[in-house]
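# Commentary on secondary and tertiary structure
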Amino acid sequence: MFIFKTVDDLGAYLQEQKAQGSTIGFIPTMGALHQGHLSLVGTAKQDKMLAVCSIFVNPTQFNNPADLEKYPKTTEQDIEMLTEAGCEVLFLPDEKEVYPGGKTITAPYDLGYLDTVLEGAYRPGHFQGVAQVVDRLLQIVAPDKMYLGQKDFQQCAVLKRLIDTKHPAVALEKVPTVREADGLAMSSRNRRLTEPQRSVAGLIYQCLISIQTKKGMQAFPVVKKECWDILVHKGFKPEYIELADADTLELLPDYDTSRKTVALIAAYIGDIRLIDNLPL
Ligand code: AMP
């Protein structure tokens, strides 16, 4: 695997590869890699793309400074995992490479309703930072296709909007969520769970399954209350348990069989915030 730290070096290499007929599959990450990330790399390789992964812990998407400070960094191990997964290129820039003119967002991204609901409501400014960094990375890498995890369902919708408006030549693929044996969605933040926290963390997925199973049998507000109470009883602090339209993320008061819907949960356990979702 080639590792590039500067925009110039990466750009020169990718230009050469493109001239030789390679198509570029891009996997943006913040490192502390796990099997979820590697499944994005694997999907790009199945598509016969030259797999280009980036690792950059983007400061502008952290609305909570403590979360940024505690974000796990495991670069050596990440490099080994990517090499083993057959990733061809790793882009490992520092902040000056990504934001040469400074990291302040001067022109906010028009993300519409997506910026105000669910993660947008609970993490103000988060999606502005996500759009900013991916916009910049897409300028640098200019891939044919970008691979994103369904685990961050709303992020996929935000980045689809970014692509539609600013990078229409880039295709988007959403890769299904990779889970631990008990259903917990893999996440870099899971490394910070204590043993007792980890032992109950699979409950979020159990709640999503119960929301799915009870569709057509019970009203959503009833199911939501049951899930909320179970999570609180086990020591979680839920932020939201919602049903939404899978395309627009419009919140729905109840199950709606006339459209594609998704159930989404965000909950703290201790000071660790976990999110998950399940398309119904
Ligand atoms: P992150 O490093 O958390 O910014 O994630 C980088 C990419 O990996 C994003 O597109 C995530 O949605 C995706 N991802 C994270 N966790 C998982 C998972 N458990 N399964 C599939 N994709 C994931």
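To start, this report covers the structure provided alongside it. (Residues numbered from 1 in each chain as written. Predicted model: local features only at pLDDT ≥ 70, side-chain atom pairs only at ≥ 80, totals over all residues. Heavy atoms only, no water.)

### Concerning the overall build of the protein
Along the protein, the regular secondary structure elements total 11 helices and 10 strands. On C-alpha atoms alone, the protein measures out to a radius of gyration of 19 Å, which is about the 19 Å that the 2.2 N^0.38 rule sets for 280 residues. Dimensions of the protein along its principal axes, counting C-alpha atoms only, are 60 × 40 × 35 Å. Here the protein, with 280 residues, has 52% of them falling under the buried criterion. (Helix = DSSP H or I, 4+ residues; strand = E, 2+ residues; numbered from the N terminus. Rg over C-alpha atoms; globule rule 2.2 N^0.38 Å. Buried < 20%, exposed > 50% of the residue type's maximum accessible area, 1.4 Å probe, protein only.)

### Some points on the site of the ligand
Met30, His37, Asp152, Val178 and Met186 are the nearest of the 17 residues found near the ligand. At a separation of 2.9 Å, an oxygen atom of the ligand approaches a polar side-chain atom of His37. Between the ligand and the protein, one listed contact pairs an oxygen atom with a side-chain N or O atom of Asp152 at 2.6 Å. The set of elements that each furnish at least two residues to the shell around the ligand consists of β2 (24–29), α2 (35–46) and β5 (145–149). The leading source of residues in the shell around the ligand is α2, at 3 residues. (Near = heavy atom within 4 Å. Polar contact = N/O pair within 3.5 Å; in protein donor to acceptor, adjacent residues only side chain to side chain.)

### Some details on the packing of α2 against helix α4 (residues 75–85)
Interaxial distance between α2 and α4 falls to 10 Å at its minimum, and their mutual angle equals 30°. By the angle class used here, α2 and α4 are roughly parallel. As α2 runs across α4, the sense of the crossing is right-handed. Residues Leu38, Val41 and Lys45 of α2 lie in contact with α4, whose contacting residues are Met81, Leu82 and Ala85. Tallied by class, the residues present in the contact of α2 with α4 amount to 5 nonpolar, no polar and 1 charged. (Axes fitted to C-alpha atoms, helices over the stretch in contact; angles between N-to-C directions. Parallel < 35°, antiparallel > 145°, perpendicular 65-115°, else oblique. Left-handed = near helix turned anticlockwise from the far one by under 90°. Contact = heavy atoms within 4.5 Å. Nonpolar A, V, L, I, M, F, W, Y, C, P; charged D, E, K, R; others polar.)

### Side note on α4
Given 3.6 residues to a turn, an α-helix orients residues that are three or four positions apart in the same direction. Inspection of α4 places Asp78, Ile79, Met81 and Leu82 among the buried residues, and these make up the whole buried set. An end-on view of α4 places all buried positions within 165° of arc, on one side of the element. Every exposed residue of α4 that faces more than 90 degrees away from the buried side is listed here: Glu76, Glu80 and Glu84. (Arc of directions from axis to C-beta.)

### Brief notes about the pattern of salt bridges
Opposite charge on two side chains makes pairing possible when the charged atoms of those side chains draw close. Counted under the stated rule, the structure contains 23 salt bridges. Across the salt bridge formed by Asp67 and Arg189, the nearest N and O atoms sit 2.9 Å from each other. Here the residue Asp67 occupies a position in helix α3 (residues 65–70), and Arg189 occupies one in the loop between β6 (171–175) and α9 (195–201), the gap between them amounting to 122 residues. No difference in accessibility class separates Asp67 from Arg189, as the two residues are buried. Residues Arg259 and Asp245 are paired through a salt bridge, measuring 3.2 Å at the closest nitrogen-oxygen approach. Taken together, the residues Arg259 in the loop between β8 (251–252) and β9 (261–269) and Asp245 in strand β7 (residues 236–245) connect sequence positions 14 residues apart. Through salt bridges that share partners, Asp245, Glu250, Asp256 and Arg259 make up one connected network. (Salt bridge = Lys/Arg side-chain N within 4 Å of Asp/Glu carboxyl O.)

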